[in-house]
Amino acid sequence: MTSPDLNFLQIMKERGFLHQCTDLEGLGKLMAQQKITAYIGFDCTASSLHVGSLMQIMILRWLQKCGHKPIVLMGGGTTKVGDPSGKDESRKLLDDAQINANLQGIKAVFKQYLNFKENGGNALMVNNDDWLKNLNYVSFLRDYGRHFSVNRMLSMDSVKLRLEREQELTFLEFNYMILQAYDFVELHNRFGCRLQFGGSDQWGNIINGVELHRRLMAEKNQGKQNKFDEIFGLTTPLITTSSGAKMGKTANGAVWLNADILSPFDYWQFWRNTEDGDVGRFLRFFTELPIAEIEELEKLQGAGINEAKKILANEATKLCHGPEAALAAAETARKTFEEGSAGDALLEIIIEENEVVLDQNDRTAESISVRELLIRARFADSGSEAKKLILGGGVKINDRTVSDINMKVIFSDFDANRCLKLSKGKKHHALVKIRDKGYKP
């Protein structure tokens, strides 16, 4: 996976990843002289990361491809505090069981992008709860808290914006930036980590870590600066779509990276639906295609841009879910949109035999309604929303528009494989399958 001849910072610049750096020239000299260790932290607030975290994941992947060592820092400890950055209210506090369950789900994402030590690679995944859970509060404040100015902390965007909006900021959250700074120091001491990555909203927190380390080293070396101990911070730009929407958010919610939450087909379809003006940028950010090839794809216009979108969808899905899943998703899309049939990689909804009656006149059992299927497929959040979709003509069963808000499915709606195709609009489809128990209608 490593290609030592690749220049990491050059890749960051030409692909648009680079926003701010504490000392770009110094970092460039260091990386030219030796292979370094760098990290990004991810709190365990959900059982999967979403596309909004993908830029950071791609940076770690490029770092490893260039021969350097990536550390994925799981925030098992800092999740108990909650990062106030970009939030208008406190995050929901999770217990240890929830945090650990989320951590396991997030681990699965990184196995697709990085080669970890247990598989012969050099990537590490560590948990900051290993050192945060046993801190002595008074000792920690004495040794590290004295290096932080409250005046400076109040000027940080994560704090200042919350206060300006007169929204509550708990003392617990106020401590987050200190803990993140301490993480950087701890990773440097344990693993020789020299560089922290983050989004642009993390700039203040990253600066805190760099400055804390510098002050600790100055004390240790009696005021003398040692270039061998210097650490760095680098941030990526905030990514929005051409229409101004936040990256990774859709009308149906977050675009998750775990296949058990969002199917590979729906993931593929998200990239296929990229706005025309974003195709070039997203090819640079979220694929490993050479820049020269991307520049050629950017020249495509009209219907040709759709081919570039398919390439983006294929490459992004290949990285996240593997080549086979990407191929299956592309073939399903082709069948669904070009042939009008359903492919094998569509989102699957499994129902029981007793939820489907033989025909509309069967009064011995109640068959499942189209409205209920829309909810189970997450095409609607409620029965009333499902009703509106049907009344608006946006729902189809096997490519036939549903006009009856009370329509129920029956066995004759299913094919020989006990499947039917459920569609919401032109872009959202699911396969509804009757659980196979050896019986066929």
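From a predicted model like this one, the values you see are computed outputs, not experimental measurements.

## With respect to the side chain of His429
For step 1, the next point in the chain: Residue position: His429 is located in strand β13 (residues 428-434).
For step 2, the next point in the chain: On the accessibility criterion, His429 (4% relative accessible area) is buried.
For step 3, the next point in the chain: Only 2.7 Å separates the side chain of His429 from the side chain of Ser423, close enough to count as a polar contact.

## A word on the sheet that holds strand β5 (residues 195-199)
For step 1, the next point in the chain: With respect to topology, 6 strands assemble into an open sheet ordered β1-β6-β5-β2-β3-β4, the strand pairing being mixed. Each of the sheet's edge strands pairs with one partner strand only, and the pair in question is β1 (20-21) and β4 (124-127).
For step 2, the next point in the chain: As defined by bridge partners, β5 adjoins strand β6 (residues 232-236) across 5 bridges and the pair is classed as parallel. Looking across to β6, one finds that Leu195 is bridged to Phe232.
For step 3, the next point in the chain: Strand contacts of helix α10 (residues 176-191): β2 (37-43), β3 (69-75), β4, β5 and β6, with the helix running at about 145 degrees to β2, the strand carrying the most contacts.
For step 4, the next point in the chain: Contacts from helix α11 (residues 203-220) reach β1, β5 and β6, with the element oriented near 170 degrees to β6.

## Comments concerning the packing of aromatic side chains
For step 1, the next point in the chain: Taken as a whole and judged by the stated rule, the model has 13 aromatic pairs.
For step 2, the next point in the chain: Members of the aromatic cluster, each reached through a chain of ring pairs, are Phe17, Tyr267, Phe270, Trp271, Phe282, Phe285 and Phe286.

## With respect to unusual backbone geometry
For step 1, the next point in the chain: With phi around 50 degrees, Asn398 is a residue other than glycine that occupies positive phi space.
For step 2, the next point in the chain: Within the fold, Asn398 resides in the loop between β10 (395-397) and β11 (400-401).
For step 3, the next point in the chain: In this structure, Asp399 takes a positive phi of about 70 degrees despite not being glycine.
For step 4, the next point in the chain: In this structure, Asp399 sits in the loop between β10 and β11.

## Structural notes on helix α2 (residues 24-33)
For step 1, the next point in the chain: Residues of α2 that are buried include every one of Gly26, Leu27, Leu30 and Met31, and no others. Down the axis of α2, the smallest arc covering the buried residues is 130 degrees, so these residues share one side. Projecting away from the buried face of α2 at angles above 90 degrees are the exposed residues Glu25, Lys29, Ala32 and Gln33.

## Remarks on the confidence of the model for the chain
For step 1, the next point in the chain: Put simply, the chain has an average pLDDT of 85, and 88% of its residues get 70 or more.
For step 2, the next point in the chain: Within the chain, strand β7 (residues 249-250) has the poorest average pLDDT of any element, 60, and helix α3 (residues 54-65) the best, 97.

## Digging into the environment of Asp278
For step 1, the next point in the chain: Positionally, Asp278 belongs in the loop between α12 (264-272) and α13 (279-286).
For step 2, the next point in the chain: Taking the C-alpha atoms as reference, Asp278 lies 6.5 Å from Thr241; in sequence the two are 37 residues apart.
For step 3, the next point in the chain: Within polar-contact distance, the side chain of Asp278 engages the side chain of Arg281 at 2.8 Å.

## A few points about the nonpolar core
For step 1, the next point in the chain: Counting residues in each nonpolar core, the largest one holds 69 residues, and the members touching the most others are Phe8, Phe110, Tyr113, Phe197, Tyr267 and Trp271.
For step 2, the next point in the chain: Residue contributions to this core peak at 8 residues, all from α3.
For step 3, the next point in the chain: Setting aside anything within four residues of it in sequence, one finds Phe110 in contact with Phe42, Leu49, Ile57, Leu60, Val72, Phe116 and Met125.
For step 4, the next point in the chain: Formed by 30 residues, the second largest nonpolar core is a distinct cluster that contains Leu124, Trp131, Val159 and Ala181.

## Topic: the pattern of salt bridges
For step 1, the next point in the chain: Under the definition given, this model contains 19 salt bridges.
For step 2, the next point in the chain: Measuring nitrogen to oxygen at the nearest pair gives 3.4 Å for the salt bridge that ties Lys318 to Glu315. Of this pair, Lys318 and Glu315 both sit in helix α15 (residues 304-321), 3 residues apart, roughly one helical turn.
For step 3, the next point in the chain: The residue Asp413 makes a salt bridge to Arg400 at a minimum N-O spacing of 4.0 Å. One end of the pair, Asp413, is in the loop between β11 and β12 (419-424); the other, Arg400, is in strand β11, with 13 residues separating them in the sequence.
For step 4, the next point in the chain: A single network of salt bridges, built from pairs that share partners, joins Lys80, Asp96 and Asp129.

Reading guide: rules and limits
Residues numbered from 1 in each chain as written. Predicted model: local features only at pLDDT ≥ 70, side-chain atom pairs only at ≥ 80, totals over all residues. Heavy atoms only, no water. Helix = DSSP H or I, 4+ residues; strand = E, 2+ residues; numbered from the N terminus. Buried < 20%, exposed > 50% of the residue type's maximum accessible area, 1.4 Å probe, protein only. Polar contact = N/O pair within 3.5 Å; in protein donor to acceptor, adjacent residues only side chain to side chain. Pairing = 2+ DSSP bridges. Contact = heavy atoms within 4.5 Å. Axes fitted to C-alpha atoms, helices over the stretch in contact; angles between N-to-C directions. Phe/Tyr/Trp six-rings, centres within 6.5 Å; stacked < 30°, edge-to-face > 60°. Arc of directions from axis to C-beta. pLDDT = per-residue confidence, 0-100. Core = buried A, V, L, I, M, F, W, Y, C linked by side-chain atoms within 4.5 Å. Salt bridge = Lys/Arg side-chain N within 4 Å of Asp/Glu carboxyl O.

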